[in-house]
Amino acid sequence: KPIPSAPSLSSVISTGYDRVKISWSSVDGASGYAIYRAASKTGTYSLIKSTTSKSYTNSGLVTGKTYYYKVRAYKTIGKTKIYGSYSSYKYAKPIPSTPTIITSSAGYNSVKISWNKKSGATKYEIYKAPADTKKYGYLTTVSSSSTSYTDKKSLTTGKTYYYKIKAYHLEGKSKIYSLYSSEKSAVPRPSTPAPSAVSVTYTSIKISWSAISGASNYEIYQTDENGNNLVADPIKTTSSTSYIHNSLETNMPYYYKVIAYRTAGSERTDSLPSKIVSAKPIPSAPGVTVTSPLYTSLEVTWNEVSGADTYEVYQSTSKSSGYKIVSTTDTLSYSDENLTTGTTYFGHFKNIRQLLITYIRCTQTV
């Protein structure tokens, strides 16, 4: 009698420490498929699942134990299942899934290795190889709760190192390993600076950053807004952690990036370029003094600001809003009269420094 053809098992592979995925080809006219499993290739095959799909994941298995599988198709006629022939067998054993790793420099003498957590992993083993020999050696073992490790063991700035990792599941006293991850490389280099840029005067900007461990010097580059260098050479090379860029045009935006580098003998290793920072040179904020000569007036005075042509005085009775200009002057004082006795008047500078009673903004004619 006509029966369904035998499926072809396309794959039987581990997809985790306790599971195996079985896949097969479709059979014309089949209503479904029955999957069978045995403990050996010649053992007794028992039905574990019937499905209309072309794959099945068998879970709840013992890590490291080999399982054998066959599949056959069936066609339902009325309430009867007409089975076809068995496929040939394939086998697999569940092992922990292979981690995926990422490597990056963590400083001039360290590399960070990160990976995705794998279900069922008891621990992870990390291996390292220098680029010149590519000979891997055991580095360390990390607990299952960790997903990163920083290698600080005898690394040389600027030298390439390769890493790979494998997970293992402890079954009794036996370690059942995953496959090795693909290898990834990294070069220890100085960390990337994180600069900031602020106006110092109406013609100067200060670029500053925190010290980078192991850095010999820093280079400051002037760029466009997209980070492209305006000139090939840095505008300044310094061992300091700040630089004041002078002779700039007032109220024009300027863009910068900073690179740290370390020299060892004749070898130089750069950090990655910093993010782009920008600022506009503007007049400095005045220092303000407020006195009350009369019960209905306030006397506001301030220091002269280099480059300022005029000063605008703002007033409000609310700390956070409602500021209105009350004077534009080229002098260094302003008398605010006809005020309400006992009322508090507020102000704040443009750079967010808050002062009681008045806000003074410097303007320069360009």
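Please refer to the structure higher up on the page.
One numbering rule holds for all chains: residues counted from 1, following each sequence as written. Reporting in this predicted model follows two pLDDT cut-offs: at least 70 for local features of residues, and 80 or more for side-chain atom pairs to be given and counted; totals over whole chains, interfaces and linings ignore these cut-offs and use all residues. Values reported for side chains reflect all heavy atoms of the structure, with hydrogen atoms and water molecules removed beforehand.

Glycine aside, residues mostly have negative phi angles, and peptide bonds mostly take the trans form. For S154, which is not a glycine, the phi torsion comes out positive at approximately 55°. As for its placement among the helices and strands, S154 is situated in the loop between β13 (148-151) and β14 (161-171). A positive phi is found at N251, a non-glycine position, where the angle reads about 70°. Strands here mean DSSP runs of E at least two residues long; helices mean DSSP runs of H or I at least four residues long; both are numbered from the N terminus. In this structure, N251 sits in the loop between β21 (242-245) and β22 (254-264).

Here the rule is simple: two strands pair whenever DSSP picks up at least two bridges between them. Pairing in this open sheet of 3 strands is antiparallel, and the strands run β25-β26-β29 from one edge to the other. Lying at the two open borders of the sheet, with one neighbouring strand each, are β25 (288-294) and β29 (333-336). Adjacent strand axes in the sheet meet at a mean angle of 20°, parallel and antiparallel pairs treated alike. Where β25 lies against strand β26 (residues 297-302), 5 bridges are found, and the strand directions are antiparallel. By the bridge assignment for β26, L294 is matched with S297. Only the contacting stretch of a helix is used when fitting its axis, a line to C-alpha atoms as for every element, and angles between N-to-C directions run 0 to 180 degrees.

In summary, the pairing rule links any two rings of Phe, Tyr or Trp, Trp by its six-membered ring, whose centres are within 6.5 Å, and it sorts them by plane angle into stacked for under 30 degrees, edge-to-face for over 60 and tilted for everything else. For the coordinates displayed, the defined rule picks out 11 aromatic pairs. Centre to centre, the rings of W24 and Y33 are 5.7 Å apart; their planes meet at 55°, and the pair counts as tilted. In this scheme, a residue with accessible area under 20% of its type's maximum is buried, one over 50% is exposed, and one in between is partly exposed, where area comes from a 1.4 Å probe on protein chains only. In this structure W24 comes out as buried when scored by relative accessible area, which is 4%. For Y33, a relative accessible area of 4% puts it in the buried group. Among the aromatic residues, ring-to-ring pairing joins Y68, Y89 and Y91 into one connected group. Only when the NZ atom of a Lys or the CZ atom of an Arg is both within 6 Å of the ring centre and within 35 degrees of the ring normal do we say a charge sits over the ring. Between K134 and the ring centre of Y162, over which it is positioned, the NZ or CZ distance is 4.2 Å. Across from the ring centre of Y261, 3.8 Å away, lies the NZ or CZ of R268, which sits over that ring.

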